[in-house]
Amino acid sequence: MRRKGFSIAGLLKASNKTEAQGRLRERVPVAIIDIGSNSVRQVIYEGLTRSPSVLFNEKVLCGLGKGVAKNGLLDDDASNRALTAIRRFVKLGDQLEVGETHVLATAATREAGNGEDFISEIETITGRKIELLSGRMEAEFAALGIKSGFYKPEGVAGDLGGGSMELIEVNGNVTNGVTTPLGSLRLQEMSNENLTTAQKIARKTIRGINVSWPGKSRNFYAIGGTWRSLARLHMLEVGHPLEVVHGYSVCAKEFSEFCRRVASTALDDFKHIEEISKNRRPLLPYGAIVMAETLEHLEAEQVSMSSVGLREGYLYNLLDEETREQDALLEATAELSILRARSPQHSRELAEWTEMAFDTLEIAETESQRRWRIAACNIADIAWRSASDFRAEQSLGIINNAGFNSISHEGRAFLSLVTFHRYQGLGSKKVKPVSAALVSEESEKLARILAAFFRVLYLFSAAVEDVLPQLEFKRTGEKTLALVIPETLMDMVGEKPENRIEALTRELGEEIEIVIGA
């Protein structure tokens, strides 16, 4: 007897909801319009959360700060372009049913003689009061952005905009922020586009800055589009195996030398310059000068690139204390599990079960490795809708490029390695992802063990919740272990699970016996 199947068209017709299932319906979108010295941008986030997802992101490089250093006024053409963009942003916000829009203005608007008139026009267009940020506020929000996007950051944050550069100490607290007139657009203008003069101005200004390291770590967190473009160019030069810029860390001395080369060499001589935005290229040498002078003055040891900054810091400041304390990586991967896994509850059970197993095996995880393991459990099933031969490939694409914060590039590579082995197996003939080169030998071993557990556990649970808690893993001897299966699940034992358990024994170097019952 034939039965009528489900129709997507019918499902949509019957639903009163307009949100796609790829959205978390309880979230109310929040927007920030950021009026900078070089760009005017609107970012609309899915909601006010610890790890906000971007619904829409658009910028226009208006160059508002061009001319302010010389004549003290915003350029009329730049202002008109900015106002046109803001009208569009308001309409987009209305279409996406944004609950709250925050309009922020920074250096150029703050310092221009005609800034008040410009602000008045924007407030008329948006119907909202603009927050005109002081240099100190810019620095503080940039530092809060680093707190929102990195796990327990410690060091100094630097935010390079078009009209100013802010530096501020970041640790448990955010303190001692300073602002300088070394924005890349302004430095280009102050130096009359002479790079030798620009270096003299930058060196003199930076050597007068009094910012110290708040702890033992001499890590410099770099924020801003020009610096991200520099990092992107460096990643291409050295053949870095990941493309995402956020979390890219490099030795400060190496990066300083690279920046010196960018400032003294024709950009066309760089092999990968065509892969950098044309709009960013003219300011690269000025951003490079400021970066090199800053790193050398501060005697930094490491540079970590950030794709989050003032806007994310502003949102982070709006959160209650309990939400701020959440782990951004685990929140983001748990959300992905809700949106794409067969059972988010099963993902949570997988994290709990593997923690128990690692405790049984007395496997010592670092704090980072434990976070990576939980994140790997959250995203272990996100590719189930793909064709079976391509689940590894799709998962790796998501992991390598997802907007995860609070994770290093080694952490991303760990997640990729777990996912790869979870689908492709653990045989030596398998070609590992190129990002595996970023993973330490110790972390690679943990990734293989975790993947081996996944390969066993999914055969018993089929991603159904409440099954894993019924499986017991215990030590029975110095080099022997038992996987205890309840009688209600005894028929789940078979050739394939036994083969997977054999593979797990090879990874652990211990014998595992399947026991039915107690």
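Reference entry: report on the structure contained in this document. These numbers were taken from a predicted model, which means no experiment stands behind them.

So, on to the sheet that holds strand S2 (residues 40-45). Strand order in the open sheet made by the five strands is S3-S2-S1-S4-S5, with mixed pairing throughout. The sheet terminates laterally at strand S3 (54-60) and strand S5 (131-132), the two strands that pair on one side only. Here six bridges tie strand S1 (residues 30-35) to strand S4 (residues 100-105), and the two strands are oriented parallel to one another. The residue bridging Asp34 from the neighbouring strand is Leu104, located in S4.

For S2, the buried fraction is high: six of the six residues fall into the buried class. Of the two faces of S2, the one carrying Val40, Gln42 and Ile44 and the one carrying Arg41, Val43 and Tyr45 are both buried. Where S1 meets S2, six bridges bridge the pair, whose relative direction is antiparallel. Within S2, the residue paired with Val30 across the bridge is Tyr45. Hairpin geometry of S1 and S2 is characterised by an intervening segment of four residues between the two adjacent antiparallel strands.

Let's shift gears to the environment of Val418. Take Val418: it is sitting in helix H18 (residues 409-424). Among the residues examined, Val418 registers a relative accessible area of 1% and is labelled buried. Put simply, Val418 and Leu64 are 354 residues apart on the chain and 47 Å apart in space, counted from C-alpha to C-alpha. When sequence neighbours within four positions are dropped, the list of residues in contact with Val418 reads Ala376, Ala447, Leu450, Ala451 and Phe454.

Once that is clear, we can look at the pattern of salt bridges. The tally for this structure, following the rule as stated, stands at 22 salt bridges. The residue Glu123 makes a salt bridge to Lys129 at a minimum N-O spacing of 4.0 Å. With a closest N to O distance of 3.1 Å, Glu355 and Arg373 form a salt bridge. One end of the pair, Glu355, is in helix H15 (residues 344-361); the other, Arg373, is in helix H16 (residues 367-378), with 18 residues separating them in the sequence. By relative accessible area, which is 25% here, Glu355 ends up partly exposed. Assessed through its relative accessible area of 1%, Arg373 is described here as buried.

What follows covers the sheet that holds strand S7 (residues 165-170). Reading across from one edge, S8-S7-S6-S9-S11-S10 is the order of the six strands in this open sheet, with mixed pairing throughout. Only two strands of the sheet have a single partner each, and these edge strands are strand S8 (174-180) and strand S10 (249-251). Pairs of neighbouring strands in the sheet enclose a mean axial angle of 20°, with direction left out of account. Sheet topology places strand S6 (residues 155-160) next to strand S9 (residues 219-223); five bridges connect them, and they run parallel. Along S9, the bridge assignment pairs Asp159 with Ile223.

Cut-offs applied
- Residues numbered from 1 in each chain as written.
- Predicted model: local features only at pLDDT ≥ 70, side-chain atom pairs only at ≥ 80, totals over all residues.
- Heavy atoms only, no water.
- Pairing = 2+ DSSP bridges.
- Helix = DSSP H or I, 4+ residues; strand = E, 2+ residues; numbered from the N terminus.
- Buried < 20%, exposed > 50% of the residue type's maximum accessible area, 1.4 Å probe, protein only.
- Contact = heavy atoms within 4.5 Å.
- Salt bridge = Lys/Arg side-chain N within 4 Å of Asp/Glu carboxyl O.
- Axes fitted to C-alpha atoms, helices over the stretch in contact; angles between N-to-C directions.

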